[in-house]
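So the chains spell out like this:
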Amino acid sequence: MQFGVFTVGDIAPDPTTGYTYSEAERIRNMIQVARRADEVGLDVFALGEHHNPPFVPSSPTTLLGHIAALTDRIMLSTSVTLMTTNDPVKVAEDYAMLQHVADGRLDLMVGRGNTVPVYPWFGKDIRDGVALALENYNLLHRLWREDVVDWEGRFRTPLQGFTSTPRPLDDVPPFVWHGSIRTPEIAEQAAFYGNGFFANHILAPNFHFKPLVDLYRQRFEHYGHGTADQAIVGLGGMSFIAKRSQDAVDAFRPYFESYPVFRGMRLEDYMAATPLTVGSPQQVIDKVLTFQEGFGDYQRQLFAVDGLALPVDVALEQVELLGTEVVPVLRAELESRRAPNVPDAPTHATLVTAKYGDAEPRQPRPNPNRGDNLSGTSPYQDSDPSVEARLPTALR
């Protein structure tokens, strides 16, 4: 079971002081949160992608690459990478490069996002949102697994004899989670490929996303990847922790009730109706255990702990409490409850072993004079010679 934190990089005025972080401060604060998560033994730090104020993570690969250099063991991920408005070729190349930089400590969560205006900003139509997500991931999946790709679709120019560089580390692509809170087609796609499915278990009533998770599990089994209970599921969550539960409620209330998304809501009512947990470490532990009871055994639990204008010192304390008071208990308890046939979430090491066993992983070595010179038909010294790159006629 993997535990970690995720951030959307939001900025808002502190309701207790009126102070608003600058973008530069917020970026530095996210880096501090990631480093503290690594130090206290959490497994994952995940970063969202947004292209509008009041959010700052417009370039997840840049920030995650920097964090990779400052951390030792924590897995880096996204929450989510916009599969609708990003070019899948650029996604393939950027995240393969990041996978190398992070020495394999990377996986990827892809999804549609929830910001409506982002579509026209990148020349897309929101009415094509589901079709874009499906087609773009289908291409990404091939780009990471085939040295030479010929492809034609609806939403981008065709590819002829194309090679995405660099190839994934050890020729093993990053593991992919499909994040969705409303789209059966995304659950179906995740199941088809045997990828993970992540339900951001916040901002909705308790177990609101269970039908999507159940659909994914059923289709995962249908496609022959394993039994339904072996499907790879991740959940989000939001918590605020203090040693005493009333101290947690008193401290968190102004941040929650002043935040635009929750304005007009009473904290206690929201806690009762949703996965949000505000209280002692034991209360957070007890609430997360209900997730396992409702969704079944799952592989990844991420917590949002640094949003809603919380000061960075408070966010760092939240990470500390998760790592020292909450997660160790959850690890032991969930492990004792887990059915024996339920796998762990894949990592680069386990994926390499699954592909190669005891053999040495592939290390692609390019052939000379391919690219701008457009000579030769095989991109790598060990590429399958039967797969010939048919370059565009005008360029031959």
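Nothing here was measured: the structure is a model prediction, and the numbers come from that model. (Residues numbered from 1 in each chain as written. Predicted model: local features only at pLDDT ≥ 70, side-chain atom pairs only at ≥ 80, totals over all residues. Heavy atoms only, no water.)

Caption draft 1: Fine view of the overall build of the protein. When helices and strands are tallied, the protein shows twelve helices and 13 strands. By its C-alpha atoms, the protein is 70 × 45 × 40 Å across when sized along the principal axes. Across the protein, contacts joining residues at least 24 apart in sequence account for 70% of those joining residues at least 6 apart. When the accessible surface of the protein is split by element, carbon and sulfur atoms take 53% of a total near 17200 Å². (Helix = DSSP H or I, 4+ residues; strand = E, 2+ residues; numbered from the N terminus. Contact = heavy atoms within 4.5 Å. Areas by Shrake-Rupley, 256 points an atom, 1.4 Å probe, with all protein chains shown as cover.)

Caption draft 2: Structural context of the packing of helix α10 (residues 281–295) against helix α11 (residues 312–337). Where α10 meets α11, the closest approach of the two axes is 10 Å, and the angle between their N-to-C directions is 30°. As the angle between them shows, α10 and α11 are arranged roughly parallel. In the packing of α10 onto α11, the handedness of the crossing is right-handed. Each of P281, V284, I285, V288, L289, Q292 and E293 in α10 lies in contact with α11, whose residues at this interface are E325, V326, V329, L330, E333, L334 and R337. (Axes fitted to C-alpha atoms, helices over the stretch in contact; angles between N-to-C directions. Parallel < 35°, antiparallel > 145°, perpendicular 65-115°, else oblique. Left-handed = near helix turned anticlockwise from the far one by under 90°.)

Caption draft 3: Spotlight on the packing of aromatic side chains. What the rule picks out here adds up to 14 aromatic pairs. Pairing F256 with Y270 gives two aromatic rings, centres 5.2 Å apart and planes at 50°, and the pair type is tilted. In this pair, F256 sits in helix α8 (residues 245–258) while Y270 sits in helix α9 (residues 267–273), placing the two residues 14 residues apart along the sequence. Y270 sits in the buried class, given a relative accessible area of 12%. Here the aromatic residues F240, F252, F256, Y259, F262 and Y270 are joined through ring pairs into a cluster of three or more. Sitting over the ring of Y380, R362 keeps its end group 5.6 Å from the ring centre. (Phe/Tyr/Trp six-rings, centres within 6.5 Å; stacked < 30°, edge-to-face > 60°. Buried < 20%, exposed > 50% of the residue type's maximum accessible area, 1.4 Å probe, protein only. Lys NZ or Arg CZ within 6 Å of the ring centre and 35° of its normal.)

Caption draft 4: Representation of the sheet that holds strand β10 (residues 233–235) within the structure. Spatially, the nine strands line up as an open sheet ordered β3-β2-β1-β13-β10-β9-β8-β5-β4, and their pairing is parallel. A single partner strand is all that each edge strand has here, and the edge strands are β3 (75–78) and β4 (81–82). By the bridge criterion, two bridges tie β10 to strand β13 (residues 300–304) in an arrangement that is parallel. Across the sheet, G234 pairs through a bridge with R300, a residue of β13. Against the sheet, helix α7 (residues 210–222) makes contact with β9 (196–199) and β10, and its axis sits at roughly 175° relative to β9, the strand it touches most. (Pairing = 2+ DSSP bridges.)

Caption draft 5: Molecular detail of α7. In a regular helix each residue adds 1.5 Å, so 13 residues correspond to 18 Å; α7 covers 18 Å between its end C-alpha atoms and thus fits that length. Residues L212, V213, Y216, R217 and F220 constitute the buried set of α7. Seen end-on, α7 carries its buried residues on one side only, within an arc spanning 135°. Away from the buried face of α7 by more than 90 degrees, exposed residues P211, Q218 and H222 are located. Tucked into the core, α7 has its buried residues touching α6 (184–193), β9, β10 and α10. Positive phi appears at G224, one or two residues downstream of α7, with a value of about 85°. (Expected span 1.5 Å × (residues − 1). Arc of directions from axis to C-beta.)

It is worth stressing that arrangement in space is one thing and function is another; only the former is reported here.
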